[in-house]
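# Per-entry structural report
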Amino acid sequence: MLLARTVRRCPSLTCRAFSQQASSAAPDSAQALSPDWAVSRISAVGERCTTIAVQGGHTITVDAPRQLGGRDQAPGPVAHFLGSLVGAQQTALHQVAEEAKVRLGKVSWTAEAKMDARPLHGEGVAVAVFDSVVVTAEVETDADMALLQELQATASQRSIVANTLRQAGIPLDVTLKRRRFFASSMGTYIP
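Let me begin by describing the structure that accompanies this report. (Residues numbered from 1 in each chain as written. Predicted model: local features only at pLDDT ≥ 70, side-chain atom pairs only at ≥ 80, totals over all residues. Heavy atoms only, no water.)

## Considerations on the side chain of Q89
Within the element layout of this structure, Q89 appears in helix α2 (residues 77–99). Residue Q89 is classed as buried on the basis of its relative accessible area, which comes to 0%. Beyond its immediate chain neighbours, meaning those up to four positions away, Q89 contacts W109, Q152, S156, S159, A162 and V174. (Helix = DSSP H or I, 4+ residues; strand = E, 2+ residues; numbered from the N terminus. Buried < 20%, exposed > 50% of the residue type's maximum accessible area, 1.4 Å probe, protein only. Contact = heavy atoms within 4.5 Å.)

Structure, rendered in structure tokens:
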């Protein structure tokens, strides 16, 4: 049910019907997908450190800073990853709040990834991996803090990017702060 709703909202997800051999494990690439699975695809082309990815009618440009060999014309891969994490959290939080009939306004996010930068420069024996990721959001809502935390816990379970980090053993801390709604038409704060 959730997937069908997600596919309608996010047409870049494609689902294919498959035989009744549904399994709880992820299907391998040779297996057709059940209605419980979705595939997201991009096409990309790269030159030097710049990559242009396309999905549907949307274009994503990824570059690197000049000191890493790029042209510094677009955000780098880590910024895009953090943007994906925040975007997935925002989408899931919005869906969960809508289902719970909780009003959300603007959500202001910050995300920070701590990592060993030596592999990016070809130095040391370390493997390029995040050490930890911290996400903070200020949420305009009429929900109290307890309900907001409950919504975030549910939303976090739905975020594929957050769950991929957790499954990889990378510490992820997501903190929400409540900000009261400002009802501009009335000129008052809603407590």
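## Observations regarding unusual backbone geometry
Its identity as a non-glycine residue notwithstanding, R48 has a phi of 55 degrees, on the positive side. Summarising the element assignment, R48 is placed in the loop between β3 (43–47) and β4 (50–55). Classification of R48 as exposed rests on a relative accessible area of 63%. One non-glycine residue, K101, adopts positive backbone phi at about 60 degrees. With respect to the helices, strands and loops of the structure, K101 is situated in the loop between α2 and β6 (104–115). Taking relative accessible area as the criterion, K101 reaches 75% and is therefore assigned exposed.

## A look at the sheet that holds β3
Read across the open sheet, the three strands follow the order β3-β4-β5; overall the sheet is antiparallel. Two strands close off the open sheet at either side, each with one partner strand: β3 and β5 (58–62). Geometrically, the sheet is characterised by an average inter-axis angle of 15 degrees between neighbouring strands, direction not taken into account. As paired elements, β4 and β5 share five bridges and run antiparallel to each other. (Pairing = 2+ DSSP bridges. Axes fitted to C-alpha atoms, helices over the stretch in contact; angles between N-to-C directions.)

## Topic: the layout of surface pockets
Volume-wise, the second largest pocket comes out at about 200 Å³. Lining the second largest pocket are A64, P65, L68, G76, P77, V78, M115, D116, L120, A128, V129 and F130. Residue composition of the lining of the second largest pocket, grouped by class: ten nonpolar, one polar and one charged. (1 Å grid on protein atoms, 1.4 Å probe; cavity = no way out; pocket = protein on both sides within 12 Å on 5 of 7 lines; lining within 4 Å. Points joined across faces, edges and corners; volume = space filled by probe spheres on them. Nonpolar A, V, L, I, M, F, W, Y, C, P; charged D, E, K, R; others polar.)

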